[in-house]
Amino acid sequence: MRLLVLLMVLLTAVPAAAEPVDFTLENLDGKPVSLSDFRGKWVIVNYWATWCPPCLDEIPDLVQLYESNRDTLVVLGVSFEEVNTEYLREFVDSHFMTYPIVRSEPIPVTPLGPVLGLPTTYIVSPGGEPIARQEGPVTREAIEAYLARKRETLGSSAP
């Protein structure tokens, strides 16, 4: 039980009065992907980089989370570095990253809020409101526990 409480505390709540947020970034094929494309699902927005060891450690959990919950949740990986597309595509393929990947220049404040270190993960509600932020690695278990708790308090569907 203590472990579950610790995992849930790791995710920092974003102020309750959060407004819906949207942004558009390009995927690895150069096509635009908007946060609003995923309305109706929980969105786990994960800012990461290929050179970041903690980012690499969390990739398998994020893949499992996405694959197990595709009907209610999407993981959106935001490559937060300046690398060429071919290198990034090969990296994504070699790490079996099945969730959508988009690219962003590393900037200190994103439309969701600050990204002061990597990895940084935001949880966005099905209505588009950012509700939690975690600086540092996340686990599938922590995210699922947090969403289960939010489902109870918000009365919406979560994995």
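### Focus on the nonpolar core
(1) Moving on: Core analysis: the largest hydrophobic core is formed by 46 residues, its most contacted members being Ile44, Val45, Tyr99 and Leu112.
(2) Moving on: Secondary-structure elements contributing two or more residues to this core are β4 (42-48), α2 (53-68), β5 (73-79), α3 (85-94), β6 (101-103), β9 (120-124), β10 (130-135) and α4 (140-154).
(3) Moving on: The residues touching Val45, leaving out its near neighbours within four places in the chain, are Phe23, Leu35, Leu76, Val78, Leu112, Thr120, Thr121, Tyr122 and Val124.

### Topic: the state of the cysteines
(1) Moving on: Going through the model one piece at a time under the given rule, you end up with one disulfide.
(2) Moving on: Between the sulfur atoms of Cys52 and its disulfide partner Cys55 the distance amounts to 2.4 Å. Measuring handedness by torsion sign, the sulfur bridge of Cys52 and Cys55 sits at about 75° and is right-handed. Of the two residues, Cys52 and Cys55, neither departs from the other in class, the shared state being buried.

### Describing the packing of aromatic side chains
(1) Moving on: Scanning the entire structure with this criterion turns up four aromatic pairs.
(2) Moving on: Between Trp48 and Phe91, the aromatic rings sit 5.6 Å apart at their centres with planes inclined by 25°, giving stacked as the arrangement. Pair noted here: Trp48 is in strand β4 and Phe91 is in helix α3, with a separation of 43 residues, a long-range link. The same class applies to Trp48 and to Phe91, which are both buried.
(3) Moving on: Pairing Tyr66 with Tyr99 gives two aromatic rings, centres 6.3 Å apart and planes at 80°, and the pair type is edge-to-face.

### Observations concerning the side chain of Glu81
(1) Moving on: Tracing the backbone through its elements, the reader meets Glu81 in the loop between β5 and α3.
(2) Moving on: No salt bridge is formed by the buried Glu81; the nearest opposite charge belongs to Arg103, separated by 7.5 Å.
(3) Moving on: Within polar-contact distance, the side chain of Glu81 engages the backbone nitrogen of Thr50 at 2.6 Å.
(4) Moving on: A distance of 3.5 Å separates polar atoms of two side chains, one belonging to Glu81 and the other to Trp51.
(5) Moving on: Apart from the residues lying within four places of it in its own chain, the contact partners of Glu81 are Ala49, Thr50, Trp51, Arg103, Ser104 and Pro106.

### Digging into the environment of Pro53
(1) Moving on: You can see Pro53 is positioned in helix α2.
(2) Moving on: Note: C-alpha distance between Pro53 and Leu118 (65 residues apart in sequence) is 9.4 Å.

Calculation notes
- Residues numbered from 1 in each chain as written.
- Predicted model: local features only at pLDDT ≥ 70, side-chain atom pairs only at ≥ 80, totals over all residues.
- Heavy atoms only, no water.
- Core = buried A, V, L, I, M, F, W, Y, C linked by side-chain atoms within 4.5 Å.
- Buried < 20%, exposed > 50% of the residue type's maximum accessible area, 1.4 Å probe, protein only.
- Helix = DSSP H or I, 4+ residues; strand = E, 2+ residues; numbered from the N terminus.
- Contact = heavy atoms within 4.5 Å.
- Disulfide = S-S within 2.5 Å.
- Phe/Tyr/Trp six-rings, centres within 6.5 Å; stacked < 30°, edge-to-face > 60°.
- Lys, Arg positive; Asp, Glu negative; His and termini not counted.
- Salt bridge = Lys/Arg side-chain N within 4 Å of Asp/Glu carboxyl O.
- Polar contact = N/O pair within 3.5 Å; in protein donor to acceptor, adjacent residues only side chain to side chain.

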